[in-house]
Amino acid sequence: QVHLVESGGGLVQAGGSLRISCAASGNMFGIHTMGWYRQRPGKQRELVATITKYAGDTNYADSVKGRFTISRDNAKNTMNLQMDGLKPDDTGTYYCNVRSYSAEGFTYWGQGTQVTVSS
């Protein structure tokens, strides 16, 4: 079992920056990929960015490439998402996720943190 807690959400003006974090606790064994997803108003949950736990390989949604940066600290079991150049369309609830390599393995979600970008 892995427990994930997000923090750092809030209200920011368009063009501004925000950094959200995810703290993981519990059994870290078998985690392969960590990531951020978001659910914008009226839309389905979507991938924002992922990073592999050991190699640090990253993947970004096209809509955030060049603006968002994902990072992790394995020693502290934390993951961050630095968001720059925020747009009102980035408004939503951001969820932390960890999963095993295999789709038949496990996936865990945090409770989400709200990010609101005003125009």
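Residues numbered from 1 in each chain as written. Predicted model: local features only at pLDDT ≥ 70, side-chain atom pairs only at ≥ 80, totals over all residues. Heavy atoms only, no water.

S.K.: What is the right way to read the overall build of the chain from this model?
M.R.: Per the secondary structure count, the chain includes zero helices and eleven strands. Its helices and strands taken in sequence order, the chain reads β-β-β-β-β-β-β-β-β-β-β from the N to the C terminus. Taken over the C-alpha trace, the chain has a radius of gyration of 14 Å; the compact-globule value for 119 residues is 14 Å, and the two agree within 12%. Taking the principal axes of its C-alpha atoms as reference, the chain extends roughly 40 × 25 × 25 Å. For the chain, the proportion of its 119 residues judged to be buried stands at 43%. In the chain, the proportion of contacts linking residues at least 24 apart, taken out of those at least 6 apart, comes to 53%. Here the chain displays about 6,300 Å² of accessible surface, and carbon together with sulfur accounts for 50% of that area. Computed over 12 positive and 9 negative side-chain charges, the inter-centroid distance for the chain is 2 Å. (Helix = DSSP H or I, 4+ residues; strand = E, 2+ residues; numbered from the N terminus. Rg over C-alpha atoms; globule rule 2.2 N^0.38 Å. Buried < 20%, exposed > 50% of the residue type's maximum accessible area, 1.4 Å probe, protein only. Contact = heavy atoms within 4.5 Å. Areas by Shrake-Rupley, 256 points an atom, 1.4 Å probe, with all protein chains shown as cover. Lys, Arg positive; Asp, Glu negative; His and termini not counted. Charge placed at Lys NZ, Arg CZ, Asp CG, Glu CD.)

S.K.: Where do I start with empty space enclosed by the protein in this structure?
M.R.: If you roll a probe as big as a water molecule over the atoms, it shows you where there is empty space left. For the structure on display, the rule yields one cavity of 30 Å³ or more. Quantified by volume, the largest cavity comes out at close to 40 Å³. Along the walls of the largest cavity sit Ala24, Met28, Ile31, Met34, Lys53, Asn74, Asn77 and Val98, which together make up its complete lining. In terms of residue class, the lining of the largest cavity is built from five nonpolar, two polar and one charged. (1 Å grid on protein atoms, 1.4 Å probe; cavity = no way out; pocket = protein on both sides within 12 Å on 5 of 7 lines; lining within 4 Å. Points joined across faces, edges and corners; volume = space filled by probe spheres on them. Nonpolar A, V, L, I, M, F, W, Y, C, P; charged D, E, K, R; others polar.)

S.K.: Any chance you could explain the side chain of threonine 93 here in plain terms?
M.R.: Tracing the chain through its elements places threonine 93 in strand S9 (residues 92-100). A polar side-chain atom of threonine 93 sits 2.9 Å from a polar atom in the side chain of glutamine 114. In this structure, threonine 93 is in contact with Tyr37, Arg38, Gln39, Gly112, Thr113 and Gln114, ignoring residues within four places of it in sequence. (Polar contact = N/O pair within 3.5 Å; in protein donor to acceptor, adjacent residues only side chain to side chain.)

S.K.: Mind showing me how you'd approach the sheet that holds strand S7 (residues 68-73) here?
M.R.: One open sheet holds the four strands; their spatial order is S1-S3-S8-S7, and the pairing between them is antiparallel. Two strands in the sheet have a free side with no partner beyond their single neighbour: strand S1 (2-7) and S7. Ignoring which end each strand starts from, the neighbouring axes of this sheet average 15° apart. Across six bridges, strand S3 (residues 18-26) lies against strand S8 (residues 78-83) in antiparallel orientation. Counterpart to alanine 23 in the pairing with S8 is threonine 78. (Pairing = 2+ DSSP bridges. Axes fitted to C-alpha atoms, helices over the stretch in contact; angles between N-to-C directions.)

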